[in-house]
Amino acid sequence: MSSEETAAPSKAAPDDDGMTWWYRWLCKIAGVLGGISCAVSGVWNCVTVNPLNIAAGVWMVLNAFVLFLCEVPFCCQFIEFANAIAARADKFKPWQKALFYCGMALFPVFLSFSITTLFGNAIAFATGVLYGLASLGKKGDAVTYARLQHQKQGDEERTAGTVNGVPE
């Protein structure tokens, strides 16, 4: 090994947030589809004379841009700060992304309640829900749960002073 290879810092592994590779890809794909639906519905929503619909449409297009920027930054290569924002977004915990994406998706619906805003933001909201489910963690197995229940039952019997339901 040369001195350059030993002096170069090794690439740090990303923080393990408990998400499997396929679930991470599912969230990314949902983010891309949510961005596409927000962009199309947002532009469609802007074709009106109602100022609230126009504001909701502009917000939806902004949601699409943020989803693309956070989930697939290679789609925004023409923007200099895209990689920096994507790196910062990858450091967020899943529950933070869930709150951010769900809040972004709900705002246009509250601004202008219509079919276009509902269906346009549905997939973006679903992306937030997927990240929220990821923040709950992995499901436990039945053996560990049974062991905990048995231990809890034994602790309760000791505190009550009974063994197998009969007082000592």
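What counts and how
- Residues numbered from 1 in each chain as written.
- Predicted model: local features only at pLDDT ≥ 70, side-chain atom pairs only at ≥ 80, totals over all residues.
- Heavy atoms only, no water.
- UniProt positions renumbered as here; feature names shortened; annotations may be inferred.
- Helix = DSSP H or I, 4+ residues; strand = E, 2+ residues; numbered from the N terminus.
- Phe/Tyr/Trp six-rings, centres within 6.5 Å; stacked < 30°, edge-to-face > 60°.
- Buried < 20%, exposed > 50% of the residue type's maximum accessible area, 1.4 Å probe, protein only.
- Core = buried A, V, L, I, M, F, W, Y, C linked by side-chain atoms within 4.5 Å.
- Contact = heavy atoms within 4.5 Å.
- Axes fitted to C-alpha atoms, helices over the stretch in contact; angles between N-to-C directions.
- Parallel < 35°, antiparallel > 145°, perpendicular 65-115°, else oblique.
- Left-handed = near helix turned anticlockwise from the far one by under 90°.
- Salt bridge = Lys/Arg side-chain N within 4 Å of Asp/Glu carboxyl O.
- Expected span 1.5 Å × (residues − 1).

You'll find the protein entered in an unreviewed UniProt entry as Calcium channel flower domain containing 1, with Xiphophorus maculatus given as the organism. In its Sequence similarities (unreviewed entry) section, UniProt records this for the protein: "Belongs to the calcium channel flower family."

**Things to note about the environment of Phe 107**
Relative to the assigned elements, Phe 107 resides in helix H5 (residues 94–111). Sequence separation of Phe 107 and Asn 63 is 44 residues, and the distance between their C-alpha atoms is 10.0 Å.

**So, the packing of aromatic side chains**
Any pair of aromatic rings gets described here by the distance separating the centres and the angle formed by the planes. Under the criterion given, the structure shown has 4 aromatic pairs. Look at Trp 22 and Tyr 23: their rings are 5.8 Å apart centre to centre, the planes differ by 85 degrees, and that puts the pair in the edge-to-face class. A centroid spacing of 4.5 Å and a plane angle of 50 degrees characterise the contact between Trp 59 and Phe 107, whose relative ring orientation is tilted. Here Trp 59, found in helix H3 (residues 51–71), pairs with Phe 107, found in helix H5; they are 48 residues apart in sequence, far enough to count as distant. A relative accessible area of 30% means that Trp 59 is categorised as partly exposed. Members of the aromatic cluster, each reached through a chain of ring pairs, are Phe 100, Tyr 101 and Tyr 131.

**Things to note about the nonpolar core**
Within the largest apolar cluster, 18 residues are counted, with the highest numbers of intra-cluster contacts made by Met 19, Tyr 23, Cys 27, Tyr 101 and Tyr 131. Mapped by element, the contributors of at least two residues to this core are helix H2 (21–45), H3, H5 and helix H6 (115–136). Those residues in contact with Cys 27, other than ones at most four positions away along the chain, are Met 19, Glu 71, Thr 127, Leu 130 and Tyr 131.

**Here we look at the packing of H3 against H5**
The axes of two packed helices give the description: the angle between them and the distance between them. Between H3 and H5, the least distance of the axes is 8 Å, while the angle of their chain directions is 160 degrees. The angle between H3 and H5 falls in the class roughly antiparallel. Here H3 and H5 pass one another in a crossing that is left-handed. Contact residues: H3 offers Leu 52, Ala 55, Ala 56, Trp 59, Met 60, Asn 63, Val 66, Leu 67, Cys 70 and Glu 71, while H5 offers Lys 97, Phe 100, Tyr 101, Met 104, Ala 105, Phe 107, Pro 108 and Leu 111.

**Things to note about the pattern of salt bridges**
In this structure the tally under the stated criterion is 3 salt bridges. Salt-bridge contacts for Asp 90 lead to Lys 28; the nearest nitrogen and oxygen are separated by 3.8 Å. Placement of Asp 90 in helix H4 (residues 82–90) and of Lys 28 in helix H2 is noted, with a sequence separation of 62 residues between them. With a shortest N-O distance of 4.0 Å, Asp 90 and Lys 97 are connected by a salt bridge. Relative accessible area serves as the criterion here: at 8%, Lys 97 is assigned to the buried category. Shared partners join several salt bridges into a network, and the residues in it are Lys 28, Glu 71, Asp 90 and Lys 97.

**Topic: H2**
With 25 residues, H2 should cover 36 Å at 1.5 Å per step; its first-to-last C-alpha distance of 35 Å lies within 8% of that length. All buried positions along H2 are accounted for by Tyr 23, Cys 27, Lys 28, Ala 30, Gly 31, Gly 34, Gly 35, Ser 37, Cys 38, Ser 41, Gly 42 and Asn 45.

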